[in-house]
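The chain contents come next:
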Amino acid sequence: MRTVAVEDHWPEYGTIVIRDAPGVDPAPRPLRGVLLLGEHDVDAQPGGTIARAGDAWSQASARDARHRVRLEAHDAPLPLDDGWDEVVETPYHANTGSVMLTTVLHSEVYSDRPLRLGPPGLYRVRVSCRRTPPEIPGLAASKGDLWRMQFWATSGPHEPPLWLSRSRPAVPPPLTGWETSLGLPSQEVLHAVRVAAAAGDATEEQIAAAYHPWSSSSGDWGAPLSDDLSEFAVQLGVPAPTTRREVLPFLVAAGLVVAWTSGGVTRYQLSTKPPRADEVVRLPAEQAAALRRQDAFHRYTRLAADLAAVAVWSPGQTVSETLEQLAERLLAPAAEIGQAVGFGVERGLLSVRGKDAFTAVPRPPLQPDSGSIVREGMRLRGKEDHPWSGGLP
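Keep in mind that what you see is a predicted model, and the values were worked out from it rather than measured.

The rules behind the values
- Residues numbered from 1 in each chain as written.
- Predicted model: local features only at pLDDT ≥ 70, side-chain atom pairs only at ≥ 80, totals over all residues.
- Heavy atoms only, no water.
- Helix = DSSP H or I, 4+ residues; strand = E, 2+ residues; numbered from the N terminus.
- Buried < 20%, exposed > 50% of the residue type's maximum accessible area, 1.4 Å probe, protein only.
- Core = buried A, V, L, I, M, F, W, Y, C linked by side-chain atoms within 4.5 Å.
- Contact = heavy atoms within 4.5 Å.
- Pairing = 2+ DSSP bridges.
- Axes fitted to C-alpha atoms, helices over the stretch in contact; angles between N-to-C directions.
- Expected span 1.5 Å × (residues − 1).
- Bend = angle between axes of the 7 residues up to and from the residue.
- Parallel < 35°, antiparallel > 145°, perpendicular 65-115°, else oblique.
- Nonpolar A, V, L, I, M, F, W, Y, C, P; charged D, E, K, R; others polar.
- Phe/Tyr/Trp six-rings, centres within 6.5 Å; stacked < 30°, edge-to-face > 60°.
- Lys NZ or Arg CZ within 6 Å of the ring centre and 35° of its normal.
- Salt bridge = Lys/Arg side-chain N within 4 Å of Asp/Glu carboxyl O.
- 1 Å grid on protein atoms, 1.4 Å probe; cavity = no way out; pocket = protein on both sides within 12 Å on 5 of 7 lines; lining within 4 Å.
- Points joined across faces, edges and corners; volume = space filled by probe spheres on them.

Describing unusual backbone geometry
Moving on, step 1. Its identity is not glycine, yet Ala56 carries a phi of approximately 75 degrees, on the positive side.
Moving on, step 2. Within the secondary structure, Ala56 sits in the loop between strand 3 (51-53) and strand 4 (57-61).
Moving on, step 3. Relative accessible area serves as the criterion here: at 14%, Ala56 is assigned to the buried category.
Moving on, step 4. Phi angles above zero are rare outside glycine, and Gln317 is one such case at about 55 degrees.
Moving on, step 5. Among the secondary structure elements, Gln317 is positioned in the loop between helix 7 (285-312) and helix 8 (323-330).

Let's talk about the nonpolar core
Moving on, step 1. Ranked by size, the top nonpolar core spans 62 residues in total, and within it Trp147, Met149, Leu307, Leu330 and Ile337 carry the most contacts.
Moving on, step 2. Take this core: its biggest share by element is ten residues, from helix 7.
Moving on, step 3. Residue contacts for Met149: discarding those within four places in its chain leaves Ile16, Ala60, Val69, Arg70, Leu71, Glu72, Val125, Arg126 and Val127.
Moving on, step 4. Counting 30 residues, the second-largest nonpolar core is a separate cluster that includes Ala196, Ala233, Leu236 and Phe250.

As for the sheet that holds strand 7 (residues 98-102)
Moving on, step 1. If you trace the five strands from one edge of the open sheet to the other, you get 3-4-2-7-8, paired in antiparallel fashion. The strands lining the two open edges of the sheet, one partner per strand, are strand 3 and strand 8 (115-116).
Moving on, step 2. Two strands pair when backbone bridges link them, and strand 2 (residues 15-20) and strand 4 are joined in this way by five bridges, in the antiparallel orientation. Residue pairing in the sheet places Arg19 in a bridge with Trp57 of strand 4.

Describing the pairing of strand 7
Moving on, step 1. For strand 7, the tally of buried residues reaches five of five residues, placing the bulk of the element in the interior.
Moving on, step 2. Side chains of strand 7 alternate between two faces, with Ser98, Met100 and Thr102 and Val99 and Leu101 buried alike.

Describing the sheet that holds strand 12 (residues 202-203)
Moving on, step 1. Taken together, the three strands give an open sheet; going across it, the order is 12-14-13, and neighbouring strands pair in antiparallel fashion. Both outer strands of the open sheet, strand 12 and strand 13 (257-262), are each paired with one neighbouring strand and no more.
Moving on, step 2. One ladder, built from two bridges, connects strand 12 with strand 14 (residues 265-270); its direction is antiparallel. Note on strand 14: the bridge partner recorded for Thr203 is Arg267.
Moving on, step 3. The strands touched by helix 2 (residues 184-196) are strand 12, strand 13 and strand 14; relative to strand 14, the strand with the most contacts, the crossing angle is about 100 degrees.

Examining helix 7
Moving on, step 1. Helix length check: helix 7, at 28 residues, gives a terminal C-alpha distance of 38 Å against a target of 40 Å (1.5 Å per residue), a fit within 8%.
Moving on, step 2. Residue Tyr300 marks the point of greatest curvature in helix 7, where the axis turns by about 45 degrees.

Quick look at the packing of helix 2 against helix 5 (residues 244-254)
Moving on, step 1. It is the contact of helix 2 with helix 5, at a shortest axis distance of 10 Å, that shows an interaxial angle of 75 degrees. Taken as axis vectors, helix 2 and helix 5 run roughly perpendicular relative to one another. On helix 5, the residues touching Pro185, Ser186, Glu188, Val189, Leu190 and Val193 of helix 2 are Arg244, Val247, Leu248 and Leu251.
Moving on, step 2. Here the residues of the contact of helix 2 with helix 5 sort into seven nonpolar, one polar and two charged.

Regarding the packing of aromatic side chains
Moving on, step 1. Evaluated as defined, the whole model comprises four aromatic pairs.
Moving on, step 2. Its guanidinium or amino end placed over the ring of Trp84, Arg130 lies 4.1 Å from that ring's centre, counting from NZ or CZ.

Some words on the pattern of salt bridges
It is possible for side chains of opposite charge to pair when their charged atoms get near one another.
Moving on, step 1. Applying the stated criterion across every chain yields a total of 19 salt bridges.
Moving on, step 2. Its salt-bridge partner being Arg245, residue Glu204 comes within 2.3 Å of it at the nearest N-O pair. Remark: Arg245 occurs in helix 5 and Glu204 occurs in helix 3 (residues 204-210); sequence separation between them is 41 residues.
Moving on, step 3. The partly exposed category is assigned to Arg245, whose relative accessible area is 41%.
Moving on, step 4. Taken together, the salt bridges that share partners define one network made up of Arg63, Glu86, Arg131 and Asp145.

Examining helix 5
Moving on, step 1. Taken residue by residue, helix 5 has Arg244, Val247, Leu248, Phe250, Leu251 and Ala254 as its buried positions.
Moving on, step 2. Positive backbone phi, approximately 90 degrees, marks Gly255, located one or two places after helix 5.

Thoughts on empty space enclosed by the protein
Moving on, step 1. Counted by the stated rule, this structure contains two cavities of 30 Å³ or more.
Moving on, step 2. Around the largest cavity sit Leu36, Leu37, Val42, Arg52, Ala53, Gly54, Trp57, Ala308, Ala309 and Val312, which together line it.
Moving on, step 3. Put simply, the parts of the chain that give the lining of the largest cavity at least two residues each are strand 3 and helix 7.
Moving on, step 4. Top element by residues in the lining of the largest cavity is helix 7. It accounts for three residues.
Moving on, step 5. Here the lining of the largest cavity is built from residues that sort into eight nonpolar, one polar and one charged.

Structure follows, in structure tokens:
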């Protein structure tokens, strides 16, 4: 086994990037006959839910923090070991036979540490992540997560990407829309509840002690509230809050915070299933529509990128597996995969082929006329009748 380890890597844009090491091998061998494997060939979210790879590149979805990254070259496939939160295997084509850790914007800070895989050709990389819990809820882990990329050569037909472990759902919980509806002070109070209740239920005094303004323009716990929440307060049947202290009962009425009184003391914690803003209060039609679009993007954009990765590595670059088979491949519920396919079609990332098949769509070329981009995207999407059309909530 050959290894390269970086103990303190802070990736750009939360994306850990591996690319072929330039100048190591004299005769690069591009992958021929397989399309859409370039790093920017499809307009998919970098990294997907865990990681993606293609022709001379791999991307992993990390959080904005320092990480430990370990690259390993092996001579044969490896047995699956335990202790990893996220694991995915994917083909990787090496043009040069050597890879290196880099960044989204092609930093060469690690160019003196390439990892020699072997001759140029097709490899399989198993990307594993072991997460480090944060010391303070909501903040980055002090040690950072551990990422391991294990490469070995393959021959014959390549197997499309396969997800082997997930510690969190492939589709995150829906956006509530309160972030944009309530304003900064209310978000600060919600964060204070989160911090104060991390070890159990919190009293108002504990929440006030945990409160910390996020900007120089924010006030202290008892400062006047700059946001006017009176219209929402009327709909919720509570007095309009004028200070951060008075925001607490407002958040309880909205369903974002749960409160109860025992022994004369009221305690608070965040709701585990907060309702969407447009389900509780009346929002302007345009704002409600924007919330639905933001929610769909938040929930399905990474899983749709996974589906595009399966498509470009599938025979004929067409996915013909059933939703149930895809559910086993991606470790995600079949219903959510169907929703993600529908989202991908709506976004112009995927295109349906017949009744139960889809392919990835090439990224449209940049054009000065944005309207022509939209029209071209609509033409490529293939939005004829299919099982995934109109499937988004």
